[in-house]
Amino acid sequence: LKGGAPHAGADGIVPAGTVFSPTDLRAAAVRAGVCVSAGDVVLLHTGWQRVAQRGDAEQFLAGEPGIGGDAAQWLADAGVAAVGADTWGLDAVPTDPAYPGVVFVGHHVLLGREGVFILENINTAELVADGVTECMFVLGTPKLEGTVQAIINPVAIV
């Protein structure tokens, strides 16, 4: 989903700190012609990877657009299996002002309370460029023990 489309600047990049709400996600689903349902993997495109690609590491790491706590709960209530984005942390940074003092509230909701997987730094640009709004998402897991995160190689089959 181009979750931040209405928030994107002229360069197609959603500004850091933009918090996506359930309304934003519902509107993105309508624009894409999809229904967010149980078992889905929802990928959000913000254009944020382009900040890194142009070599601005300081801006890239200083903040990012992303979901807020209410959007995280909406996705969990829809029964999604995983949520990913082209950002380094999925959550908006600076943090969602609706949850003062809670850093990465989406992580708390999705991982901690609801058991929904989070995927970060997903390259969504080619899918968006090709107009892909639905695909079969394949994610092979590495054979690791004793870790809570790993580098993955997802595949979108269209």
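See the structure above.
My aim in this report is to walk through the structure given alongside it, one point at a time.

Cut-offs and rules
- Residues numbered from 1 in each chain as written.
- Predicted model: local features only at pLDDT ≥ 70, side-chain atom pairs only at ≥ 80, totals over all residues.
- Heavy atoms only, no water.
- Pairing = 2+ DSSP bridges.
- Helix = DSSP H or I, 4+ residues; strand = E, 2+ residues; numbered from the N terminus.
- Axes fitted to C-alpha atoms, helices over the stretch in contact; angles between N-to-C directions.
- Parallel < 35°, antiparallel > 145°, perpendicular 65-115°, else oblique.
- Left-handed = near helix turned anticlockwise from the far one by under 90°.
- Contact = heavy atoms within 4.5 Å.

Take the sheet that holds strand β4 (residues 82-85) next. Taken in spatial order, the 3 strands line up as β2-β4-β5 in an open sheet, and their pairing is parallel. The sheet is open, and its two edges are formed by β2 (41-44) and β5 (117-119), each paired on a single side. Each adjacent strand pair in this sheet contributes to an overall mean axis angle of 15 degrees, direction not counted. Relative to β5, β4 is paired through 3 bridges, and the arrangement is parallel.

Another aspect to go through is the packing of helix α4 (residues 69-78) against helix α5 (residues 105-114). Closest axis-to-axis distance for the α4/α5 pair is 7 Å, and the angle between their directions is 30 degrees. With respect to their mutual orientation, α4 and α5 come out roughly parallel. Between α4 and α5 lies a crossing of right-handed hand. Contact with α4, carried on its side by Gly69, Ala72, Gln73 and Ala76, involves Val105, Gly106, Val109, Leu110, Arg113 and Glu114 of α5 and no other residues of that element.

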